[in-house]
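Structure assessment
What follows is the residue order along each chain.
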Amino acid sequence: MEFRDYYKVLGVERGAAADAIKTAYRRLARKYHPDVSKEADAEARFKEVQEAYEVLKDPQKRAAYDELGSEWTSGQQFRPPPDWGSGFESAGGAPGGRRGRSAGRGGGASEQDFSEFFSSLFGGGSPFAGAERMHAGGRDHHARIDIELEEAFRGTTRTFELRHPEVKPDGTVEMRTRTVRVSIPAGVATGQLIRVAGQGEPGAGEGAAGDLYLETHILPHRLYQLDNRDVTLTFPVAPWEAALGAAVTVPTLGGEVEMHVPAGSQSGQKLRLRGRGLPGSPPGDEYVQLKVVLPAANSPEARAVYEDMRAKLNFDPRAAQR
Amino acid sequence: MVRVTHVLEAHLIGDGDWIAASDICQLCRIDLEAMLELAALGLVASREAGPGEWQVPATALPRLRVVGRLMHDLGVNVSGAALAVELLEAQRQLESRIRHLERLAGDY
């Protein structure tokens, strides 16, 4: 794994005071927070910053981290020394157990996935594993799942590995892993909640288990723009199709359909295919936004057609502006 | 090859569903007092299903999660987070409208 220079990440000196570290964190968190930042790599940078702050704000963790020495540089191949972490209450990567706080629970760091470097030093990591990034929130569990638009249309399944602590007869706690498949119904929208009853944290004693909440996030699509349950498709048409009308084949989430482009259509005009958006009550619509594409005048024949139009059509595209 | 041991049925929570405020507080990592303050500020609707049993619409979850993240990650208070969320949403709506208008303008 690669070494991470947490001081460099926050842009502070190794001897920086706690206030300076906090100020640096606040400044960078404001800059890279995924909810507010426009930076392309905001999420990755924010995770780095949060991970660095998680270590440097905690005197125990910071002292343990400093124990590694100042010779390391970011990106350098790293493995914790065998006796590293002994004597530090927060350090958990050394033999003797992971005593650090789980990264997946509570506090300001629970929204992120820590790096392998961090986990090797301080333990932690999500209580879940598997294909999806998941977070625990106490009694209920929560996960954000990314799905394709086609999956939202048809419904889909996701497979998770859920890890739960289980108290053994001898009183020790063991992490048990269950692999589960969850059916996600058709028609989910971004930000919508899916509840899977009883799949959260087990209850104590005979108490009921919590629920698993899945929050859906529909990924951007190469063709369609999504607005709630409606989808918009930019649909190229030839000038003669727009001018004279045409029967065209249009893609929809449910498959291709025939659509009539009315004569006299203009670029930017939207045609509605009722009920062809995401399923629901009522289902969404598909809006087909026409985009008139001009053939290039790159041959004598094409140029002749345009010349003919100029000569024969009394057309001023800017007449409305006068 | 993953061996699936359980196949679970999921329940889609729709527009008309309400969730216990205590549950949504856990999901969003904000406390109940903050939730009620957000309701008082008008950021989310709320209703009292029984004595002390507050509920909020399930559809409020996305913005409440943003509130929770802003409060935890940036150290802003409830009012600040609520204001930030409203401004961020307004910003996104304006950006979406600008993109739409730019697309239309590009066609002419």
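Residues numbered from 1 in each chain as written. Chains lettered and ligands numbered in written order. Predicted model: local features only at pLDDT ≥ 70, side-chain atom pairs only at ≥ 80, totals over all residues. Heavy atoms only, no water.

As a further point, take the overall build of chain A. Each helix and strand counted, chain A has eight helices and 13 strands in total. Relative to its full complement of 322 residues, chain A shows a buried share of 41%. Summarising the internal contacts of chain A: among those between residues at least 6 apart in sequence, 54% fall at separations of at least 24. Looking at chain A as shown, the accessible area adds up to about 17,100 Å², and 49% of this sits on carbon and sulfur atoms. (Helix = DSSP H or I, 4+ residues; strand = E, 2+ residues; numbered from the N terminus. Buried < 20%, exposed > 50% of the residue type's maximum accessible area, 1.4 Å probe, protein only. Contact = heavy atoms within 4.5 Å. Areas by Shrake-Rupley, 256 points an atom, 1.4 Å probe, with all protein chains shown as cover.)

The number of helices and strands found in chain B is four helices and five strands. For chain B, buried positions account for 36% of its 108 residues. Put simply, of all contacts in chain B between residues at least 6 apart along the chain, 56% involve residues at least 24 apart.

Let us now look at a nonpolar patch on the surface. Together, A:Val305, A:Met309, A:Leu313 and A:Phe315 make up a nonpolar patch on the protein surface, roughly 430 Å² of accessible area in all. Mapped onto the elements, A:Met309 comes out in helix α8 (residues 300-312). (Patch = residues over 30% accessible without salt bridge, like charges linked within 9 Å, V, L, I, M, F, W, Y side chains within 5 Å. Salt bridge = Lys/Arg side-chain N within 4 Å of Asp/Glu carboxyl O.)

Moving on, we get to the sheet that holds strand β12 (residues 270-273) of chain A. All names here are of chain A. What the four strands build is an open sheet, ordered β8-β9-β13-β12; its pairing is mixed. What marks the edges here is a single partner per strand, and that holds for β8 (224-227) and β12. The average angle at which neighbouring strand axes cross in this sheet is 30°, direction not considered. (Pairing = 2+ DSSP bridges. Axes fitted to C-alpha atoms, helices over the stretch in contact; angles between N-to-C directions.)

Residue A:Pro282 is reached from A:Ser281 by a cis peptide bond, and omega for that bond is 0°. Of note in the backbone geometry, B:Arg29 takes a positive phi value of approximately 60° without being a glycine. With respect to the helices and strands, the residue B:Arg29 is situated in the loop between α1 (21-28) and α2 (32-40).

As a further point, take the pattern of salt bridges. The final tally for this structure, using the stated rule, is 17 salt bridges over all chains. Residue A:Arg4 pairs with A:Glu51 through a salt bridge whose shortest N-O separation is 3.5 Å. With A:Arg4 in the segment before α1 (6-10) and A:Glu51 in helix α3 (residues 42-56), this pair connects stretches of sequence that are 47 residues apart. Overall, A:Arg4 belongs to the partly exposed group, its relative accessible area being 27%. The exposure class assigned to A:Glu51 is buried, which follows from its relative accessible area of 1%. Between A:Asp35 and B:Arg69 there is a salt bridge; the shortest N-O distance is 2.7 Å. You can see A:Asp35 sitting in the loop between α2 (18-32) and α3 and its partner B:Arg69 sitting in helix α3 (residues 61-74), one on each of two chains. For A:Asp35, a relative accessible area of 9% gives the class buried. What emerges from the salt-bridge pattern is a single network uniting A:Glu54, A:Lys57, A:Asp58 and A:Lys61.

A few words now on the packing of aromatic side chains. The relation between two aromatic rings is expressed through the spacing of the ring centres and the mutual angle of the planes. All names here are of chain A. Using the criterion set out here, one finds seven aromatic pairs over all chains in the structure. Between the aromatic rings of Phe3 and Tyr65, the centroid separation amounts to 5.9 Å while the plane-to-plane angle is 15°, which identifies the pairing as stacked. Note that Phe3 is positioned in the segment before α1 and Tyr65 in helix α4 (residues 59-66), a separation of 62 residues in sequence. Note on accessibility: Phe3 and Tyr65 belong to one class, buried. Ring geometry for Tyr6 and Tyr65: centres 4.8 Å apart, planes at 35°, overall tilted. Taken as a pair, Tyr6 in helix α1 and Tyr65 in helix α4 lie far apart in primary sequence, 59 residues in all. Residue classification places Tyr6 among the buried residues on the basis of a relative accessible area of 1%. With relative accessibility at 1%, the residue Tyr65 sits in the buried group. Aromatic ring contacts, followed pair by pair, group Phe3, Tyr6, Tyr7, Tyr65 and Phe117 into a single cluster. When the ring centre of Tyr287 is taken as reference, the NZ or CZ atom of Lys270 above it lies at 6.0 Å. (Phe/Tyr/Trp six-rings, centres within 6.5 Å; stacked < 30°, edge-to-face > 60°. Lys NZ or Arg CZ within 6 Å of the ring centre and 35° of its normal.)

Time to look at the confidence of the model for chain A. The pLDDT averaged across chain A works out to 80; a share of 81% of its residues lies at or above 70. Counting contacts from residues 89-112 of chain A, a segment whose pLDDT is below 50, to residues more than four positions away or on other chains yields 74 contacts. (pLDDT = per-residue confidence, 0-100.)

With that settled, the discussion passes to the packing of α1(B) against α3(B). Residues and elements named next belong to chain B. Between α1 and α3, whose axes approach to 9 Å, the crossing angle comes to 50°. In this view, α1 runs oblique relative to α3, as classed from their interaxial angle. As for the relative orientation of α1 and α3, their crossing is right-handed in sense. Each of Ile24, Leu27 and Cys28 in α1 lies in contact with α3, whose residues at this interface are Leu61, Leu64, Arg65 and Gly68. Its residues assigned to classes, the contact of α1 with α3 shows five nonpolar, one polar and one charged. (Parallel < 35°, antiparallel > 145°, perpendicular 65-115°, else oblique. Left-handed = near helix turned anticlockwise from the far one by under 90°. Nonpolar A, V, L, I, M, F, W, Y, C, P; charged D, E, K, R; others polar.)

A separate point is the sheet that holds strand β4 (residues 47-50) of chain B. Sheets are built from strands paired through backbone hydrogen bonds, the pairs being either parallel or antiparallel. All names here are of chain B. Overall, antiparallel pairing links the three strands, which are arranged β3-β5-β4 in an open sheet. Looking at strand neighbours, the two that pair on one side only are β3 (18-20) and β4, the edges of this open sheet. The mean inter-strand angle of the sheet, taken between neighbouring strand axes irrespective of direction, is 45°. In this sheet, strand β5 (residues 53-57) lies alongside β3 in antiparallel orientation, the contact comprising three bridges. Among the inter-strand pairings, Ala20 is bridged to a residue of β5, identified as Gln55.

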